[in-house]
Amino acid sequence: MRPLTEEETKTMFEKLSKYIGENIKLLVDRPDGTFCFRLHNDRVYYMSEKILKLATNISRDKLVSVGTCFGKFTKTTKFRLHITALDFLAPYAKFKVWVKPGAEQSFLYGNHVMKSGLGRITENTQQYQGVVVYSMADVPLGFGVAAKNTQECRRVDPMSIVVFHQADVGEFIRNEDTLT
């Protein structure tokens, strides 16, 4: 386990800023202590400094996971967010989409959000902006990328895609063998 390099940090923070904007500093400087990001086996983990000090007693080859996995770096050094980061992204999300109860199950099965399943959308959401997807009861379900801006969403036909699926809480069941 090692700290992220300058390039890795920049890549990860660019991805996070698509979803939470300037609120990234709220993830690191929290009132309940200082938190940090560490890289282990191409995965980025988010943990408190207390847990980090305890984890140094375990050898790298024996360490499986520590803290919360935020995502991983691909072989082409792109950063992919994991669904395990949802609990930390949802409170700070700048742009949100709420889906109707009938469309929740479709989204949780890994499908995109259609206009017919769109309940509400945050004003001034731009096209290709990272959004957190909520149920109408304000339960975070996952995250994705807005396929259309807010004004276009009002005018498109009901079968048009408005949010591209990226991750959802159904992945815990579908990919339980590969999530760490």
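See the structure printed just above.
Our subject in this report is the structure included herewith. Predicted model only: the values in this text are computed from it and were never measured. (Residues numbered from 1 in each chain as written. Predicted model: local features only at pLDDT ≥ 70, side-chain atom pairs only at ≥ 80, totals over all residues. Heavy atoms only, no water.)

### Brief notes about the sheet that holds strand β9 (residues 118-121)
Then, in step 1: Across the sheet, which stays open at both edges, the six strands sit in the order β8-β12-β11-β10-β7-β9 with mixed pairing between neighbours. Strands at the two margins of the open sheet, each flanked by one partner only, are β8 (113-114) and β9.
Then, in step 2: Examined bridge by bridge, strand β7 (residues 96-99) and strand β10 (residues 130-135) share four bridges and lie parallel to one another. Residue pairing across strands places Trp98 opposite Tyr134, the latter belonging to β10.
Then, in step 3: The strands touched by helix α5 (residues 101-108) within the sheet are β7, β8, β10, β11 (140-146) and β12 (161-168), with β11 carrying the most contacts at an inclination of about 80°. (Pairing = 2+ DSSP bridges. Helix = DSSP H or I, 4+ residues; strand = E, 2+ residues; numbered from the N terminus. Contact = heavy atoms within 4.5 Å. Axes fitted to C-alpha atoms, helices over the stretch in contact; angles between N-to-C directions.)

### Quick look at the environment of Gln126
Then, in step 1: Among the secondary structure elements, Gln126 is positioned in the loop between β9 and β10.
Then, in step 2: The exposure class assigned to Gln126 is partly exposed, which follows from its relative accessible area of 46%.
Then, in step 3: On a C-alpha basis, the gap between Gln126 and Ala146 in space is 7.2 Å, while along the polypeptide they are 20 residues apart.
Then, in step 4: Residues in contact with Gln126, not counting those within four places in the same chain, are Ala146, Lys148 and Asn149. (Buried < 20%, exposed > 50% of the residue type's maximum accessible area, 1.4 Å probe, protein only.)

### Concerning the pairing of strand β4 (residues 43-48)
Then, in step 1: Within β4, six of the six residues are buried, leaving the element largely enclosed by the surrounding structure.
Then, in step 2: The alternating pattern of β4 places Arg43, Tyr45 and Met47 on one face and Val44, Tyr46 and Ser48 on the opposite face, and all of these are buried.
Then, in step 3: Where strand β3 (residues 33-40) and β4 come together, six bridges link them in antiparallel fashion. Bridge pairing in β4 places Arg38 opposite Tyr45.

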